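What follows is each chain in one-letter form.
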Amino acid sequence: MHVANLLIPRIFKVLQVYLRTNMQSLLQLVLITCGLLFAEIHMSVLSNYCYSDYVNFLSPIAIFGGLAVGNLVGLHPQIFKLSLRSQCWIVFFLQAITYLGLKYVPHYQVWLALPFIGYGVLMTYLFSKYSLKELIISLGISGIIVSLSYKWLLEIYADTSPLATLLFPVLAGILADRQNKIFHWIPHGVFIFIILGILNWDVHHPPSIIKKRFKDDEFSVVVSEKKVNPLFITELFKRQIGQYIFTINGSRFGLIPDYEETHSRLTTKQFNRPYDLPYLFTQPERVLVVGSAEGRNVISALANGVKDIWALDINPDVFELFRTSLPDVGHLIYFRPEVQIVVAEGRYFLEQCPRRFDLITLQGVQTGSAASTTSPVLIESFLFTREAVKAAWDCLTDEGLIMYDEYTGKGFNYLPQIIAQQAKDTLNLPEEQILLLSYSHSESDPTSRAGEIKNRSSVFISKKPLSVSDESKSLLAKNGVSIEAMNPLHHESLTDNNPHFRVKRSVLDQLSSISMVCLFLLLVLIYKTTPFLGAAESIWLSLTGIAYMMFVFGLSGPFSLWLGHPGRVTPVLYITLYAMSLVSGLWVLKSKKRTGALLTMFFSVSVTVWALLYHYWSTGLLNIPSMELRIILCIMIASLFAFTAEIPYILGLRVFENKTRSWANALEHVGNLAAIPLSIWIQVKWGSQALLLTSSVLFLVVGFILLTSSKKIAQ
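Presented here is an overview of the structure given in this document. (Residues numbered from 1 in each chain as written. Predicted model: local features only at pLDDT ≥ 70, side-chain atom pairs only at ≥ 80, totals over all residues. Heavy atoms only, no water.)

Let's talk about the pattern of salt bridges
Here's step 1: For the structure on display, the rule yields 10 salt bridges.
Here's step 2: For R286, the salt bridge goes to D308, with nearest N and O atoms at 2.7 Å. Here D308 lies in strand β6 (residues 308–313) and R286 lies in strand β5 (residues 286–290), a separation of 22 residues in the sequence.
Here's step 3: We classify R286 as partly exposed; its relative accessible area is 24%.
Here's step 4: In this structure, E320 and R323 form a salt bridge, with 3.7 Å as the shortest nitrogen-oxygen distance. In this pair, E320 and R323 both sit in helix α15 (residues 316–324), three residues apart, roughly one turn of the helix.
Here's step 5: Overall, the relative accessible area of 46% leaves R323 in the partly exposed class. (Salt bridge = Lys/Arg side-chain N within 4 Å of Asp/Glu carboxyl O. Helix = DSSP H or I, 4+ residues; strand = E, 2+ residues; numbered from the N terminus. Buried < 20%, exposed > 50% of the residue type's maximum accessible area, 1.4 Å probe, protein only.)

Some remarks on the state of the cysteines
Here's step 1: Applying the stated criterion across every chain, the model contains one disulfide.
Here's step 2: Here C353 is linked by a disulfide to C395, with a sulfur-sulfur distance of 2.3 Å. With C353 in the loop between α17 (346–352) and β8 (357–363) and C395 in the loop between α18 (386–394) and β9 (396–407), this pair connects stretches of sequence that are 42 residues apart. Each of the two residues, C353 as well as C395, counts as buried. (Disulfide = S-S within 2.5 Å.)

A closer look at the packing of aromatic side chains
Here's step 1: Using the criterion set out here, one finds 22 aromatic pairs in the structure.
Here's step 2: Ring centres of F384 and Y404 lie 6.1 Å apart, and the angle between their planes is 65°; on these two criteria the pair is classed as edge-to-face. Residue F384 is found in the loop between β8 and α18, and its partner Y404 is found in strand β9; the two are separated by 20 residues along the sequence.
Here's step 3: Note on F384: relative accessible area 3%, which makes it buried.
Here's step 4: Judged by relative accessible area, which is 2%, Y404 ranks as buried.
Here's step 5: Here the aromatic residues Y548, F551, F559, W562, F603, W610, Y614, W617, F641 and F699 are joined through ring pairs into a cluster of three or more.
Here's step 6: Above the face of the W393 ring, K463 is positioned so that its terminal group lies 4.9 Å from the ring centre.
Here's step 7: Its guanidinium or amino end placed over the ring of F80, K659 lies 4.6 Å from that ring's centre, counting from NZ or CZ. (Phe/Tyr/Trp six-rings, centres within 6.5 Å; stacked < 30°, edge-to-face > 60°. Lys NZ or Arg CZ within 6 Å of the ring centre and 35° of its normal.)

Section: the environment of S709
Here's step 1: Along the polypeptide, S709 turns up in the segment after α29 (688–708).
Here's step 2: Overall, the relative accessible area of 11% leaves S709 in the buried class.
Here's step 3: Taking the C-alpha atoms as reference, S709 lies 9.7 Å from A535; in sequence the two are 174 residues apart.
Here's step 4: If we ignore the near neighbours within four places in the chain, the residues touching S709 are E537, W540 and K593. (Contact = heavy atoms within 4.5 Å.)

Observations concerning unusual backbone geometry
Most peptide bonds are trans, and most residues other than glycine sit at a negative phi.
Here's step 1: With an omega of -5°, the peptide bond between R273 and P274 qualifies as cis.
Here's step 2: As for its placement among the helices and strands, P274 is situated in the loop between α13 (259–267) and β5.
Here's step 3: For A293, which is not glycine, the phi torsion reads 45° and is therefore positive.
Here's step 4: Checked against the element boundaries, A293 lands in the loop between β5 and α14 (296–303).

Quick look at the packing of α13 against α14
Here's step 1: One way to put it is that α13 packs onto α14 with a least axis distance of 8 Å and a crossing angle of 35°. In terms of crossing hand, the pair formed by α13 and α14 is right-handed. Contacts between α13 and α14 involve E261, T262, R265 and L266 on the former and, on the latter, R296, I299, S300, L302 and A303.
Here's step 2: Partitioning the contact of α13 with α14 into residue classes produces four nonpolar, two polar and three charged. (Axes fitted to C-alpha atoms, helices over the stretch in contact; angles between N-to-C directions. Left-handed = near helix turned anticlockwise from the far one by under 90°. Nonpolar A, V, L, I, M, F, W, Y, C, P; charged D, E, K, R; others polar.)

Quick word on a nonpolar patch on the surface
Here's step 1: A surface patch of nonpolar side chains, about 610 Å² in accessible area, is lined by V605, V609, L612, L613, Y616 and W617.
Here's step 2: Residue assignment for the nonpolar patch shows that the elements contributing at least two residues are α24 (593–612) and α25 (614–622).
Here's step 3: Take the nonpolar patch: its biggest share by element is three residues, from α24.
Here's step 4: Residue classification places W617 among the partly exposed residues on the basis of a relative accessible area of 41%. (Patch = residues over 30% accessible without salt bridge, like charges linked within 9 Å, V, L, I, M, F, W, Y side chains within 5 Å. Areas by Shrake-Rupley, 256 points an atom, 1.4 Å probe, with all protein chains shown as cover.)

Next up, the structure:
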């Protein structure tokens, strides 16, 4: 409270003086930084909707790599001497090219970087021409504007409107030319709105992707409905043969049963794998379907006489789609007295567990949606960890059964085998209470690509010993289902600290290669900047960039788990990090280097303690039933860390002025770039705990360099 009483009046006093004397410069900077924040939000959403888990996973490299490359390009003498107006127009054109590219040549990993190359060039100019105080204040005002309109902005961006991302840099460029009269705005305005009219289209073209996925030659797609929210684009299509398909972010497909099929399943006894498999071993009274989606699990529960069914899905638009576009099918599946609809994230629901269930089914529940650009963690991965298996087990009745079902083809890491081993070890179960079944899709499966054979496995974990009767064995054999032995070779450890289960080995190899390239680039840049920045300063700035990005990545995954929904991570974690970084920046402008160095070392020790006690912190937070209290605690944690993590970066920038400061900023951003693939690689290999420990060691080194560096900082 004492610190707040000192800081808040000081911040308002600085703002009051600055606003009185620098209104036009402030407005220019606010427009530019608003454009940058708009672009970051928009590109984050587009990467989430990009129809590729791989691109979504690696999108931070494109975005932060674009900033780093732009910083270096902006330092070229011919680029550096361009006016602010010219550089703002460069940003506009790169953003426009991005939207055109996304529409006509949708290779997202290429186009995502372009706007940030432009902003990187622009940042080089700004860091050399404006004071740190001006930059920090403008960022603060822009952050307030975006934060206050966060929900509204996401609704606009979720509809892929490029208006704001294109308009802000142009307005800043026009304002930068102080000689402009009103008539000069007319040609610019006409040009802008013509371009905006051309570009203001939906950049997503899922029909072409669906055509590749489905094999019938006379395939045509009719878009019946599209629903959009900040995490998901849910689209409904109709094939010529009359079958409906819905997609979530274009990378998850569901075949919706039509009225006749649904009615037939509910009125006649037809075995339907894999959905009917659990009913060979139990006759449940209450069933929880996690990831109900197109409703086939719900249909099986209804067909097997279950009178209390909880249909849970993280995406509310799935249920709305059935309500508005397919009401005849929806009323047979979801909108009936036996079915209770629940909109929630699966792991959070299991932790709260308002009821006990006789059967819990989890089939293909991962969605491939990340919380934000800097979060490579798939939130649904937390449904398959040791802790999640224990939470699901605790939700069962005394004779309850859990069914996990997943594809086990190339790149899928045999998840059911992993869960079987984890259940055996974590719950101390005999093998008689665990059963594995496997089968293959035939090529007649419409969701298979030509020549593709899909393998699936199901694992059943029961409170009672499982036995397969002769009748059930005959039925399984008739449907191509075989009993599979547990394989200790698939004994990976999935924990809340390291929940990544679907990362291909090839992705890790590419990450390590990208890491080596980025680190080599960073070493070259350190060598180049040492003569005029100093060896100690170059090392401390680059290590700060690496350490800070590792720290952010290390918090992203745990916050997704603790906050119970991926959509809460950005408003809670990233806005807190942003706001407290700005507060820290204003404080550091007048602080002493020794004080900053000591606080950096204190931060390193704090992160180390946090990482070593990660299991206890996580367990404690997950045991808090109140989400409001969890959010408050997470904000407090993020605020404390964010304030101190920003100190060495601002101290490094204070050492330099003009173009040398731009070099220093570029060095830090290249450090950010080098950290991203390295952070993902460490996180996938060893988890968030190892990433936080690595970050803390680097911050400790930075603090030591700050203490021993002889270069004076500007007061």
